[in-house]
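The lines below spell out each chain.
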Amino acid sequence: MIDSVRQDFLEAIERIKLGKPINEALKLKAIQGKLKLNNSTVALEASRGLSTLHTAKYRDLKTLIAGGRQTANRARQVEELRVECRTMRKNLERSELRLSHVEVSLVQAERALQQAIETKERLADDNKRLRKHIADMGKKV
């Protein structure tokens, strides 16, 4: 059977994990988003002294608290990574869209360059014909 002190600590840990403490100071921290699972908050929530939690009898609870804190940290890290992933996906989509616009501009520039080359060649041919025509006219006169 679980002793009442252990039960108080276990219930306190659960309430803190859920973000629903009954201690007024911890309620305020929960509202502010500053509630953390640690030995001090568990002792406060359980209305027990911190030294009680430090006794050898409750060493397993300290491990449980540390593990819960790591789980909370992991959950926060996972959420941060999800947000970062969403941001990166949006940035990738924007980059792909910009790349698409650049590719369209490149195709248009290539077409304009090809037209310029064709125009230059046509003008060079016209220039040759005109010079030949002028030269032929000079011979006839």
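1. Topic: helix H1 (residues 4–18)
So, point 1. A rise of 1.5 Å per residue sets the reference length of H1, with its 15 residues, at 21 Å; its end C-alpha atoms lie 21 Å apart and thus fit the reference within 8%.
So, point 2. Listing the buried residues of H1 in full gives Val 5, Arg 6, Phe 9, Ala 12, Ile 13, Arg 15 and Ile 16.
So, point 3. N-cap assignment for H1: the residue whose side-chain oxygen lies 3.0 Å from the backbone N of Val 5 is Asp 3.
So, point 4. Phi for Gly 19, located one or two positions after H1, is positive at around 75°.

2. Focus: the environment of Ala 43
So, point 1. Topologically, Ala 43 is positioned in helix H3 (residues 39–45).
So, point 2. Classification of Ala 43 as buried rests on a relative accessible area of 2%.
So, point 3. The spatial distance from the C-alpha of Ala 43 to the C-alpha of Ile 13 is 9.1 Å, given a sequence separation of 30 residues.
So, point 4. Residues in contact with Ala 43, not counting those within four places in the same chain, are Phe 9, Arg 48, Gly 49 and Leu 50.

3. Observations concerning a positive patch on the surface
So, point 1. A cluster of like positive charges, contributed by Lys 29, Lys 34, Lys 36 and Arg 76, occupies part of the molecular surface.
So, point 2. For Lys 36, the location among the structural elements is in the loop between helix H2 (24–32) and H3.

Cut-offs used in this document
- Residues numbered from 1 in each chain as written.
- Predicted model: local features only at pLDDT ≥ 70, side-chain atom pairs only at ≥ 80, totals over all residues.
- Heavy atoms only, no water.
- Helix = DSSP H or I, 4+ residues; strand = E, 2+ residues; numbered from the N terminus.
- Expected span 1.5 Å × (residues − 1).
- Buried < 20%, exposed > 50% of the residue type's maximum accessible area, 1.4 Å probe, protein only.
- Polar contact = N/O pair within 3.5 Å; in protein donor to acceptor, adjacent residues only side chain to side chain.
- Contact = heavy atoms within 4.5 Å.
- Patch = residues over 30% accessible without salt bridge, like charges linked within 9 Å, V, L, I, M, F, W, Y side chains within 5 Å.
- Areas by Shrake-Rupley, 256 points an atom, 1.4 Å probe, with all protein chains shown as cover.
- Salt bridge = Lys/Arg side-chain N within 4 Å of Asp/Glu carboxyl O.
- Lys, Arg positive; Asp, Glu negative; His and termini not counted.
- Charge placed at Lys NZ, Arg CZ, Asp CG, Glu CD.

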